[in-house]
Amino acid sequence: MPGGERARLRAAGAEAIERSVVPGYEAFLAFMPRGEQEEYLSSQPLEALSELTITDPAALRAELDDIAASGYATSLGERVVGAASVAAPILGHDRSPVA
């Protein structure tokens, strides 16, 4: 796949991941290249979905680093208090998220 198509795929995927799906959103973002991650985060409001949602940009960046290191994301009440979920991205051959 030519580089331009891969970039569009990443951009389209990031737009398709809604923050309301917290672990999927964070898992996808954690594996995006840092520049694309920063561009996306600077263009999106970090609105609280519950009182446990991370809304501080520095805290979210630290969380994304932890997710990239572990390979998966968890949510313990970040979307709905009392709910728990886990997600992992599907990575392409270059370790960029494709789904």
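Residues numbered from 1 in each chain as written. Predicted model: local features only at pLDDT ≥ 70, side-chain atom pairs only at ≥ 80, totals over all residues. Heavy atoms only, no water.

(A) Structural context of the packing of helix α3 (residues 34-43) against helix α4 (residues 57-70). Axis separation between α3 and α4 bottoms out at 12 Å; the angle between their running directions is 145 degrees. Classified by chirality, the crossing of α4 by α3 is right-handed. Along the contact surface, α3 presents Arg-34, Gln-37, Glu-38 and Leu-41, while α4 presents Leu-60, Arg-61, Leu-64 and Asp-65. Looking at the contact of α3 with α4 residue by residue, the classes come out as 3 nonpolar, 1 polar and 4 charged. (Axes fitted to C-alpha atoms, helices over the stretch in contact; angles between N-to-C directions. Helix = DSSP H or I, 4+ residues; strand = E, 2+ residues; numbered from the N terminus. Left-handed = near helix turned anticlockwise from the far one by under 90°. Contact = heavy atoms within 4.5 Å. Nonpolar A, V, L, I, M, F, W, Y, C, P; charged D, E, K, R; others polar.)

(B) Main features of the pairing of strand β1 (residues 73-76). Burial of β1 is one-sided: the residues Ala-73 and Ser-75 facing one way are buried, the residues Thr-74 and Leu-76 facing the other way are not. Judged from the 4 bridges that link them, β1 and strand β2 (residues 84-87) form a sheet pairing that is antiparallel. Residue Ala-73 lies in a different strand from β2, and its bridge partner there is Ala-87. (Buried < 20%, exposed > 50% of the residue type's maximum accessible area, 1.4 Å probe, protein only. Pairing = 2+ DSSP bridges.)

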